Amino acid sequence: MKRAAFGHIGFPILLLIPQIAIIGIFFYWPAGYAVHSSFFLQDPFGFTSTYVGMDNYTRLATSSNYLDAAKFTLIFTILVTFFALAIALLLAVKADKVIRGAKSYRTLLMWVYAIAPPVAGLMGVMLFDQSRGNITQLLGMMGIEYRLGVNYWDTASAMISVSIWKQIPVNFIFFLSGLQAIPRSVREAAMIDNRSGTARFWDITFPLLAPTGFFLLIINITYSLFDTFGIVDTIVKSEPGNNPMTLVYRVFVDGFRGGDLGGSSAQSVVLMVLVLVLTIVQFRFLERRIHYT
Amino acid sequence: MAQVTLNAVRKIYPNGVEALEPCSFTINDGELAVLVGPSGCGKSTLLRMVAGLEEISEGDLSIGDRIVNDVDPADRNIAMVFQNYALYPHMSVAQNMGYGLKNRGMSKAEIRAKVREASDMLNLTEFLDRRPSQLSGGQRQRVAMGRAIVREPDLFLFDEPLSNLDAKLRNQMRIEIRALQRRLATTAMYVTHDQIEAMTMADRIIVLNDGKIEQIGTPNEIYEHPASTFVASFMGAPPMNLLQGIAGGGKVTLGSDQDVLHTGTEGNDGPVQAGIRPEDVWPDPQGDLAFDVDIIEELGALRLLHGRVAGQDFSVAVPKDKEATTGLMQLSVKPGAVHLFDADTGRRL
Amino acid sequence: MADITETGVQTATATNTATNTATAAAPTRPKKRIKWETVGDHAVLIAGALLMLVPVYMILASSTHEDILIHREGLQFFFGDDGLENYNAALFEYGGFTNSVNGVTMLVNSMILGFGFAIGKIVVGMMAAYAIVYFRLRFATFAFWMIFTTLLLPLEVRILPSYEVIQQMNLANTYTGLILPLIASATATFFFRQFFRSIPEELVEAARIDGAGPVKFFIDILVPLSRTMIAAMFIIMFVFGWNQYLWPTLITTDESLFTLVRGIRQIMQAYADGSSTPEYGEAAALAIIAMTPPVLIVIFFQNWFVKGLTESDK
Ligand SMILES: Nc1ncnc2c1ncn2[C@@H]1O[C@H](COP(=O)(O)OP(=O)(O)OP(=O)(O)O)[C@@H](O)[C@H]1O
Ligand SMILES: [Mg+2]
């Protein structure tokens, strides 16, 4: 709040009403609804529901399907986050270093940001297709049998590759702007202090990039958890079967395909708690960063 | 310890800007050379080429007796103090100072001793564990100095190190840096656009203008014998008066025949610019120069009278105890204090 | 100490007069080395750019080929001559169960979603941020937390209950039902709050002294000041809205409301059915159509876009 803030009462409330109303109706109501339904079991036709306490949650904890999805999500998130960050960091460091063509490289490396995840997924499906995919053929020439949609880890690797590909641009943009925010003179001082470019990177650049990296870590985790839905859905061709699945996809499958409102809601609640924890971590960090600047 | 020699060193930036025309000079061992000039004249460019942060387009640069054109900055055994200090924000004061030493493979104990010694010298001991963000501007400046000192370099490079400090601190640090440099007897190049800093600190001053060296000389030479109208008006405050006139027959005629400067013209007859420092003239009813005063500026110890001589802008500095009023007065000129410059090129005649 | 080798006046024209004992003693200087490091940097960057470019290029090239060729050989590297046909089919041929949707309809729907979402989000977000930053409200902290709890919780997490709520409100298969729930998060509000907080305090003080009330201050000063920020936010939000997938899939069953990205799902289902040769060429063309507008916007307005992205911290 500004020191010279306006003292009016009615006007700001008027300003806040649209935001509060939309959030109330489309965020808090569904969220509350999810929490509520997670304690009930609906009959398949949706006419009656009975209070079952924590049953939906215990059901999750013992469901091998759910635990498989959780395990896969963990591996998926770790791999996507790690590689998307590492590749983007490498590219950003190089793009920051070159003088000639820096602007063109930036454009070339960031535009994929604008491609929708399912469109990326569609490209993945065509490239990795079991019989005609170009990458499948390439792997075949190297003697590797690749079967998308049949072999669990083959499908998973397609999902992971496409998800990494789609996320590199965002990370690249943030890393590049983080690098450019490091004062030139600090790097020059380091050049006088240390001959080795690699050592300078780890001693000076990397620590100074840590705030950006931490911020991106959270962004990438939420990306892996949620925004990859379109990629997962296209790669399994909307037919999950025995294919790998992320937790969000499981919410969708159990809720809309399985008609299990209670179970799906319980899964939503679990995810919400997870995200809330991330939000709090993120938020404290953001606030701290604001104070620095 | 080392001398620095530039031999026809030139800088053309990739975008085609010639920031520095080929220039040559030598800075002697233990000397403090000040590079001075207006903004954008190429001071930083020159300094950064010496540091190795900027590639040398043409010519040779040597520090000590080796040519260092292609030597990595870290291997030139130099230390640099940046305008914004360029401290590593994530390291403590001690780590900041020790980083360069660590990279040379010095032992921890040795580093600690050296850091200790430098911080004692600079009164930084109590701040050794702090981060740069927890220090005042003056303290940060000291840390930057400390980082330079601990390396025991052959050459100190300073790029406007005091310009972010307030006036009082700037004066104090100016004296400290000068004393420190004398004590360590380390060769130094010091960039500033503040001519007072240049005059007070330098053993020798290098005046740059638009990528060219205008003059190299001791502060005294620069002040007494400015090589061009540019140097004359850039060095010295208030700046030297420059009057258009015609030289001939032992005098310079300014406008009408009554306004005449008597001075040796040494055969330079024709149009000239005559330079007179405001402190080299004084009000004198018997004087032969008519001065029309418009404004009186009080500077404390001095009083500046602004007006015109022969229809051209002119200023006179008088001690504060001399009375002064606006309106017409006569001026006397100190004998031998008229500098003559070429009317077109501005070069000293 | 000040041992002056060049006494008197030295001028710029006398550039080669300096004593060069040192330089004369060492005439051979190593030739300028080729900077292998720089070559390596460019190699890495080019590899990265190709990694981004090639898959999309292959889709583009394939969108100009017959289905049967792609069915046999996979994506193509070179352009063919069925482009016109494929794009014509993708844009103008009616498809779907009810034959009520073609590419143009989907394009229009994507535009409506992109614009509606971006504008709605910016308007609502700016208003709320203004209220929070510039007014002394007793419940400001409460409002703040209520809004910012939503910051990272995407619609995907509460997808089923949101769907139920929309059903109950009879908003399924309407643009309102499509757009409003997507707006229900605080990213834009947070972004504008950050920006407003960075505007100097003196500005409000000056405006108040000049007699500007809150409405005038907002319209005459804050909005013009935020122009770049609004543009940046608009680009990000437009792309975000355009690329929505899950929510449109659920909430629009009426094919005349399909967006392009939603249309991709239909392709995939045809693909999965495997009944006849899928229309690969047309699918590739549709994918290209679906990505072109947001890609162009991001490329052309990349400075704003990057600024918006990095300054908002999302
Ligand atoms: N990286 C660069 N690329 C192109 N031109 C440059 C570059 N750096 C500096 N210049 C130009 O070279 C000239 C000299 O710049 P330099 O930084 O040396 O000036 P300076 O004397 O240090 O000025 P100041 O007192 O403002 O620091 C200027 O005209 C500047 O615009
Ligand atoms: Mg400079």
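Remember, predicted model here, so these are calculated numbers, not experimental data.

Colleague: Help me understand the overall build of chain B, please; the structure alone is not making it clear to me.
Modeller: Within chain B, the regular secondary structure consists of 8 helices and 20 strands. Across its three principal axes, chain B shows a C-alpha extent of roughly 75 × 45 × 35 Å. Taking the contacts inside chain B whose residues are at least 6 apart along the sequence as the reference set, 64% of them involve residues at least 24 apart. Surface accessibility of chain B: about 14300 Å² in total, with carbon and sulfur atoms responsible for 48%. Side chains of chain B give 35 positive and 47 negative charges; the mean places of these two sets differ by 10 Å.

Colleague: Help me out: how do you make sense of a nonpolar patch on the surface in this one?
Modeller: Nonpolar side chains collect at one region of the surface, where L108 of chain A together with I46, L50, L53, V54, Y57, L60, F77, F78 and F79 of chain C lie side by side and expose about 870 Å² of accessible area between them. Looking at which element gives the most residues to the nonpolar patch, the answer is helix α2 (residues 36-62) of chain C, with 6 residues. For F79 of chain C, the position within the fold is in the loop between α3 (67-73) and α4 (83-92). Take F79 of chain C: its relative accessible area is 47%, and that puts it in the partly exposed class.

Colleague: Which parts of the structure should I look at to understand the domain arrangement of chain B?
Modeller: Interfaces are often described in size by the accessible area the parts lose on coming together. All names here are of chain B. Structurally, chain B comprises domain 1 (4-233) and domain 2 (241-342). Computed from C-alpha atoms alone, the centre-to-centre distance between domain 1 and domain 2 is 39 Å. On the side of domain 2, 6 residues touch domain 1, which itself brings 8 residues to the contact. Linking domain 1 with domain 2 are 2 residue pairs in polar contact (both at pLDDT 80 or more). Grouping the constituent residues of the side of domain 1 that touches domain 2 by class yields 5 nonpolar, 2 polar and 1 charged.

Colleague: Would you mind showing me how to read the packing of α4 of chain C against helix α15 (residues 280-300) of chain C here?
Modeller: Relative placement of two packed helices is described by the angle separating their axes and the distance separating the axes. Residue and element names in this part refer to chain C. Packing of α4 against α15 leaves a shortest axis separation of 8 Å and a crossing angle of 70°. The angle between α4 and α15 falls in the class roughly perpendicular. For the element pair α4 and α15, the recorded crossing hand is right-handed. The segment α4 lies against α15, with N86, Y87, A89, A90 and L91 engaging G281, E282, A285, L286, I288 and I289. Residue composition of the contact of α4 with α15, grouped by class: 8 nonpolar, 2 polar and 1 charged.

Colleague: Where do I start with the sheet that holds strand β2 (residues 18-27) of chain B in this structure?
Modeller: Note: strands within a sheet are paired through backbone hydrogen bonds, in either parallel or antiparallel orientation. All names here are of chain B. Here 4 strands make up an open sheet; going across it, the order is β2-β1-β4-β5 and the pairing antiparallel. A single partner strand is all that each edge strand has here, and the edge strands are β2 and β5 (66-67). Direction of pairing for strand β4 (residues 58-63) relative to β5: antiparallel, over a ladder of 2 bridges. Paired with I63 across the two strands is R66, which belongs to β5.

Colleague: Looking at this structure, how should I read the pattern of salt bridges?
Modeller: Pairing between side chains of opposite charge can happen when their charged atoms approach one another. Evaluation of the coordinates by the stated rule reveals 25 salt bridges over all chains. Here D260 of chain A makes a salt bridge to R59 of chain A, at a shortest N to O gap of 3.2 Å. Of the two residues, D260 of chain A sits in the loop between α11 (247-257) and α12 (261-292) while R59 of chain A sits in helix α2 (residues 55-62), which places them 201 residues apart along the sequence. Connected through salt bridges with shared partners, the residues K94 and K97 of chain A together with E37 and D41 of chain C form a single ionic network.

Colleague: Would you mind showing me how to read the interface of chain A and chain C here?
Modeller: Opposite the 100 residues of chain A that make contact, chain C presents 115 residues. Each partner contributes to the roughly 10300 Å² buried at the junction of chain A and chain C, and carbon and sulfur atoms together form 75% of this total. Where chain A packs against chain C, one counts 4 salt bridges. Counting every contact that joins chain A to chain C gives 19 residue pairs in polar contact (both at pLDDT 80 or more).

Colleague: Help me understand the site of ligand 1 in this model?
Modeller: Residues and elements named next belong to chain B. With respect to spatial proximity, the complete set of residues near ligand 1 consists of Y13, N15, A19, S39, G40, C41, G42, K43, S44, T45 and E160. Here an oxygen atom of ligand 1 sits 2.7 Å away from a polar atom, N or O, in the main chain of G40. Considered on its own, ligand 1 offers 640 Å² of accessible surface; in the complex 64% of this is hidden by protein. No other element matches the 3 residues that helix α1 (residues 43-51) contributes to the shell around ligand 1. Along the lines of polarity and charge, the residues of the shell around ligand 1 split into 3 nonpolar, 6 polar and 2 charged.

Colleague: Explanation requested: the packing of aromatic side chains in the structure shown.
Modeller: Given two aromatic rings, their pairing is described by the distance between the two centres and the angle made by the two planes. A full pass over the atoms with the stated rule returns 43 aromatic pairs over all chains. Centre to centre, the rings of Y57 of chain C and F79 of chain C are 5.7 Å apart; their planes meet at 85°, and the pair counts as edge-to-face. Here Y57 of chain C is found in helix α2, whereas its partner F79 of chain C is found in the loop between α3 and α4, with 22 residues between them in sequence. Classification of Y57 of chain C by relative accessible area gives partly exposed; the value is 31%. Of the aromatic side chains, those joined through ring pairs into one cluster are F11 of chain A together with Y130, Y134, F135, F191, F192, F195, F196, F217 and F218 of chain C. Over the ring of Y88 of chain B we find R147 of chain B, and its NZ or CZ is 4.9 Å from the ring centre.

Colleague: Can you help me understand the sheet that holds strand β11 (residues 241-248) of chain B in this one?
Modeller: Residues and elements named next belong to chain B. Judged by pairing direction, the sheet is antiparallel, and its 5 strands sit side by side in the order β13-β12-β11-β14-β20 without closing on themselves. Of all strands in the sheet, those bounded by a partner on one side alone are β13 (260-262) and β20 (339-342). Strand-to-strand twist of the sheet, defined as the mean angle between neighbouring strand axes without regard to direction, takes the value 40°. Taken together, the 3 bridges between β11 and strand β12 (residues 251-253) define a ladder with antiparallel strand orientation. Paired with A247 across the strands is V252, a residue of β12.

Colleague: Could you clarify how one ought to interpret the side chain of R250 of chain A in this entry?
Modeller: Position of R250 of chain A among the secondary structure elements: in helix α11. Aside from chain neighbours lying at most four places away, what touches R250 of chain A is N65, Y66, A69, M245, G255 and Q267 of chain A.

Colleague: Sorry if this is basic, but what is going on with the pairing of strand β18 (residues 312-319) of chain B here?
Modeller: Residues in a regular strand point their side chains to alternate faces of the sheet. Residue and element names in this part refer to chain B. Counting buried positions over the 8 residues of β18 gives 6, a clear majority of the element. Across 8 bridges, strand β17 (residues 302-309) lies against β18 in antiparallel orientation. The residue bridging L305 from the neighbouring strand is V316, located in β18.

Colleague: Could you clarify how one ought to interpret the pairing of strand β3 (residues 32-36) of chain B in this entry?
Modeller: Residue and element names in this part refer to chain B. Judged by how many residues are buried, β3 sits mostly within the fold: 5 of 5 residues are covered. Side chains of β3 alternate between two faces, with L32, V34 and V36 and A33 and L35 buried alike. In this sheet, strand β8 (residues 187-192) lies alongside β3 in parallel orientation, the contact comprising 5 bridges. For V36, the partnering residue across the bridge sits in β8 and is T192. In this sheet, strand β9 (residues 204-209) lies alongside β3 in parallel orientation, the contact comprising 4 bridges. The residue bridging A33 from the neighbouring strand is R204, located in β9.

Colleague: Sorry, what's going on with the environment of I288 of chain C here?
Modeller: All names here are of chain C. Tracing the backbone through its elements, the reader meets I288 in helix α15. Distance from I288 to A61, taken between C-alpha atoms, is 10 Å for residues 227 residues apart in sequence. Discounting chain neighbours no more than four positions away, the residues touching I288 are V56, I59, L60, S63 and Y87.

Colleague: Before we go on, may I ask you to explain unusual backbone geometry in this structure?
Modeller: Trans peptide bonds make up most of the peptide bonds, and negative phi angles are found at most residues other than glycine. All names here are of chain B. Look at the link from A237 to P238: it is a cis peptide, with omega at -5°. In this fold, P238 is placed in the loop between α8 (229-234) and β11. Positive phi, close to 50°, is recorded for D210, a residue that is not glycine. Among the structural elements, D210 can be located in the loop between β9 and β10 (212-217). The phi torsion at A310 lies on the positive side, around 50°, for a residue other than glycine. Mapping A310 onto the fold places it in the loop between β17 and β18.

Definitions and limits used
- Residues numbered from 1 in each chain as written.
- Chains lettered and ligands numbered in written order.
- Predicted model: local features only at pLDDT ≥ 70, side-chain atom pairs only at ≥ 80, totals over all residues.
- Heavy atoms only, no water.
- Helix = DSSP H or I, 4+ residues; strand = E, 2+ residues; numbered from the N terminus.
- Contact = heavy atoms within 4.5 Å.
- Areas by Shrake-Rupley, 256 points an atom, 1.4 Å probe, with all protein chains shown as cover.
- Lys, Arg positive; Asp, Glu negative; His and termini not counted.
- Charge placed at Lys NZ, Arg CZ, Asp CG, Glu CD.
- Patch = residues over 30% accessible without salt bridge, like charges linked within 9 Å, V, L, I, M, F, W, Y side chains within 5 Å.
- Salt bridge = Lys/Arg side-chain N within 4 Å of Asp/Glu carboxyl O.
- Buried < 20%, exposed > 50% of the residue type's maximum accessible area, 1.4 Å probe, protein only.
- Domains from an automatic or database assignment.
- Polar contact = N/O pair within 3.5 Å; in protein donor to acceptor, adjacent residues only side chain to side chain.
- Nonpolar A, V, L, I, M, F, W, Y, C, P; charged D, E, K, R; others polar.
- Axes fitted to C-alpha atoms, helices over the stretch in contact; angles between N-to-C directions.
- Parallel < 35°, antiparallel > 145°, perpendicular 65-115°, else oblique.
- Left-handed = near helix turned anticlockwise from the far one by under 90°.
- Pairing = 2+ DSSP bridges.
- Buried area = accessible area lost by both parts, 1.4 Å probe.
- Near = heavy atom within 4 Å.
- Phe/Tyr/Trp six-rings, centres within 6.5 Å; stacked < 30°, edge-to-face > 60°.
- Lys NZ or Arg CZ within 6 Å of the ring centre and 35° of its normal.

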